[in-house]
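Chains, contacts and geometry: an overview
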Amino acid sequence: MILTVDAGNANIVLGGFADDKLQFISRLDTIVSRTEDQYAVLLKDILALYGHTPDNVSGCIISSVVPPVTARLERGIEKICGVKPLVVLPGLKTGLNIKIDDPSTLGSDLVCAAVAAKSKYALPCIFADIGTCLKIGAIDKNGAMLGCVIAPGINTAFEALAEKTASLPLIDAQPVENIIGTNSIDSMRSGVIAGMACMIDGMAERFEEILGAQATTIATGDSARYVVPLCRREIVSDPHLVLEGLNIIYNKNQKK
């Protein structure tokens, strides 16, 4: 089994692949202060929860946008599973042509999402990763990653509203039932979540003007389930796009 690890600002998502099929998925809170031993113990427990042992893990690959966590994750996984993880960094084979100003600065989560989107969907395509940040990326008809836009994610926006205002409370994400809110909480949810749906619709339309063709649009990320139903364009929900990209990149980097 190949262990794929997507370390984001809020969560660390783990997925196990066997024969390129996702066998399980689990989430941990991203806590920078955790030690390598703590990660090792947590991983052992997670594997057991899904009927696996560390011996079942034959390889591992990590995408991390939280540098303080990366090395501890690596060492914890190596300690408990006995495999040295690959880390998605410049120099690793991805098969992705990255056409931004400095390709080495593209976040590894975006690299993984783009690799999977390019592999699975008709081109050109647009993918929206809805997490701590909203990231919308564009892939042209030749499979090149042209760039992206980045905006606050749902919980980030809620936290900013609560922190920067005197009377608005901190709320969580829930489905939006009425676009025109009739109380503060519903108005905040609609403003942030429905507003994000409008942003994805509008950005995708502008992206298509640059791409020169209608694009397949994909949404991923834990919060996508709240946003996609409010979008007007046809959007494919693919919640495990980053993990699938990690699995593809792992396979590309194995010696034949």
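Heads up: these notes are all about the structure in this document. Everything quoted here is computed from the prediction, not taken from an experiment. (Residues numbered from 1 in each chain as written. Predicted model: local features only at pLDDT ≥ 70, side-chain atom pairs only at ≥ 80, totals over all residues. Heavy atoms only, no water.)

1. A few points about the sheet that holds strand β4 (residues 59–64)
- Ordered by their spatial adjacency, five strands build an open sheet running β3-β2-β1-β4-β5, and the pairing between neighbours is mixed. Two strands in the sheet have a free side with no partner beyond their single neighbour: β3 (21–29) and β5 (86–87).
- Across the sheet, helix α1 (residues 36–49) lies against β1 (2–7), β2 (11–18) and β3, angled at about 135° from β3, the strand it touches most.
- Helix α2 (residues 67–81) rests against β1, β2, β4 and β5 of the sheet, and its axis sits at about 170° to β4. (Pairing = 2+ DSSP bridges. Helix = DSSP H or I, 4+ residues; strand = E, 2+ residues; numbered from the N terminus. Contact = heavy atoms within 4.5 Å. Axes fitted to C-alpha atoms, helices over the stretch in contact; angles between N-to-C directions.)

2. Details of the nonpolar core
- Counting residues in each nonpolar core, the largest one holds 30 residues, and the members touching the most others are L134, I154, I193, I200 and V227.
- Of all the secondary structure elements, the ones that give two or more residues to this core are β7 (125–130), β8 (133–139), α4 (154–164), α5 (184–211) and α6 (224–227).
- If one sorts the elements of this core by residue count, α5 sits on top with nine residues.
- Core analysis: the next-biggest nonpolar cluster, separate from the first, contains 29 residues, V88, V111, A116 and F127 among them. (Core = buried A, V, L, I, M, F, W, Y, C linked by side-chain atoms within 4.5 Å. Buried < 20%, exposed > 50% of the residue type's maximum accessible area, 1.4 Å probe, protein only.)

3. Overview of the environment of V192
- Secondary-structure assignment places V192 in helix α5.
- For the pair V192 and V227, spaced 35 residues apart in the sequence, the C-alpha separation amounts to 9.5 Å.
- Ignoring anything within four residues of it in the chain, the contact list for V192 reads I154, A157, F158 and L161.

4. With respect to the sheet that holds β8
- Taken together, the six strands give an open sheet; going across it, the order is β6-β9-β8-β7-β10-β11, and neighbouring strands pair in mixed fashion. For this open sheet the edge positions go to β6 (97–98) and β11 (236–237), each flanked by a neighbour on one side alone.
- In this structure, β7 lies alongside strand β10 (residues 216–220), joined through five bridges in parallel fashion. Bridge pairing in β10 links F127 to I218.
- Against the sheet, α5 touches β7, β8 and β9 (144–152), its axis set at about 20° to β8.

5. A closer look at the packing of α4 against α5
- Following both chains from N to C, one finds α4 and α5 inclined at 145°, their axes separated by 10 Å at the closest point. Every pair of crossing elements has a handedness; the one defined by α4 and α5 is right-handed. In contact with I154, A157, F158 and L161 of α4, α5 contributes M188, R189, V192, I193 and M196.
- For the contact of α4 with α5, a count of residues per class yields eight nonpolar, no polar and one charged. (Left-handed = near helix turned anticlockwise from the far one by under 90°. Nonpolar A, V, L, I, M, F, W, Y, C, P; charged D, E, K, R; others polar.)

6. Things to note about the pairing of β4
- Here β4 lies mainly inside the structure; six of its six residues are buried.
- Burial along β4 is two-sided: the face carrying G59, I61 and S63 and the face carrying C60, I62 and S64 are both buried.
- Two strands pair when backbone bridges link them, and β1 and β4 are joined in this way by six bridges, in the parallel orientation. Across the sheet, L3 pairs through a bridge with C60, a residue of β4.
- Two elements, β4 and β5, share two bridges in a ladder whose sense is parallel.

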